[in-house]
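This is what each chain is made of:
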Amino acid sequence: MILDSDVRGLFIHEAFGHLSEADNLIGNETLAKIMILGSEFAMEKFNVIDDPTKTGHPGSYVYDHEGTKAKPMYLIENGKLSGRLYSLQY
């Protein structure tokens, strides 16, 4: 797939980012069965990284609204589900 650089982040966020939010799994048994860490989600070369440390891009920050320091997080690594987006509450 070829995506315009202005929309690729938005597309991945809407298509997959919301599914990666840990609070969406609470009370949603169907989603919890799909979003099992280690599950194969794509071809081996495919990676999705949430990296808010890349300054100057939408969604970049140093500390989030809960005071947690930003760091890169692989959501899909080498085609497998490897991480989730968390809040301190979940």
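Note: the structure precedes this text.
The rules behind the values
- Residues numbered from 1 in each chain as written.
- Predicted model: local features only at pLDDT ≥ 70, side-chain atom pairs only at ≥ 80, totals over all residues.
- Heavy atoms only, no water.
- Helix = DSSP H or I, 4+ residues; strand = E, 2+ residues; numbered from the N terminus.
- Contact = heavy atoms within 4.5 Å.
- Polar contact = N/O pair within 3.5 Å; in protein donor to acceptor, adjacent residues only side chain to side chain.
- Buried < 20%, exposed > 50% of the residue type's maximum accessible area, 1.4 Å probe, protein only.
- Core = buried A, V, L, I, M, F, W, Y, C linked by side-chain atoms within 4.5 Å.
- Pairing = 2+ DSSP bridges.
- Phe/Tyr/Trp six-rings, centres within 6.5 Å; stacked < 30°, edge-to-face > 60°.
- Lys NZ or Arg CZ within 6 Å of the ring centre and 35° of its normal.

Comments concerning the environment of Y74
Turning to step 1, where the next piece is worked out: If you trace the backbone, Y74 turns up in strand β2 (residues 73–77).
Turning to step 2, where the next piece is worked out: A sequence separation of 23 residues divides Y74 from D51, and the C-alpha atoms of the two residues are 8.4 Å apart.
Turning to step 3, where the next piece is worked out: Here Y74 is in contact with N47, V48, I49, S82 and G83, once residues within four sequence places are set aside.

Considering the environment of N47
Turning to step 1, where the next piece is worked out: With respect to the secondary-structure elements, N47 resides in the loop between α3 (29–34) and β1 (48–50).
Turning to step 2, where the next piece is worked out: Residue contacts for N47: discarding those within four places in its chain leaves Y74, I76, E77 and N78.
Turning to step 3, where the next piece is worked out: In this structure the side chain of N47 is engaged in a polar contact, spanning 2.7 Å, whose partner is the backbone nitrogen of N78.

As for unusual backbone geometry
Turning to step 1, where the next piece is worked out: Phi at N78 takes a positive value of approximately 50°, unusual for a residue other than glycine.
Turning to step 2, where the next piece is worked out: The topology assignment puts N78 in the loop between β2 and β3 (80–81).
Turning to step 3, where the next piece is worked out: Among the residues examined, N78 registers a relative accessible area of 44% and is labelled partly exposed.

Brief notes about the nonpolar core
Turning to step 1, where the next piece is worked out: Among the nonpolar cores identified, the biggest contains 8 residues, and these are F16, L25, L31, M35, V48, L75, I76 and L81.
Turning to step 2, where the next piece is worked out: For L81, the residues in contact, after removing those within four places along its chain, are F16, M35, I36, L37, G38, S39, F41, L75 and I76.

What to know about the sheet that holds β2
Turning to step 1, where the next piece is worked out: If you trace the 3 strands from one edge of the open sheet to the other, you get β1-β2-β3, paired in antiparallel fashion. Either end of the sheet is taken by a strand with one partner, and the two such strands are β1 and β3.
Turning to step 2, where the next piece is worked out: Pairing of β1 with β2, which is carried by 3 bridges, proceeds in the antiparallel orientation. Residue pairing in the sheet places I49 in a bridge with Y74 of β2.

Some details on the pairing of β2
Turning to step 1, where the next piece is worked out: Sheet analysis places β2 next to β3, joined by 2 bridges and oriented antiparallel. For E77, the partnering residue across the bridge sits in β3 and is K80.
Turning to step 2, where the next piece is worked out: The hairpin formed by β2 and β3 contains 2 residues between the paired strands, and N78 there has a positive phi angle of roughly 50°.

Digging into the packing of aromatic side chains
Turning to step 1, where the next piece is worked out: Under the counting rule described, the total for this entry stands at 1 aromatic pair.
Turning to step 2, where the next piece is worked out: On the basis of an interplanar angle of 75° and a centroid distance of 5.9 Å, the ring pair of F16 and F41 is categorised as edge-to-face. Here the residue F16 occupies a position in helix α1 (residues 8–17), and F41 occupies one in the loop between α3 and β1, the gap between them amounting to 25 residues.
Turning to step 3, where the next piece is worked out: Taking the relative accessible area as the measure of exposure, F16 reaches 7% and is therefore buried.
Turning to step 4, where the next piece is worked out: When the ring centre of Y63 is taken as reference, the NZ or CZ atom of K69 above it lies at 5.4 Å.

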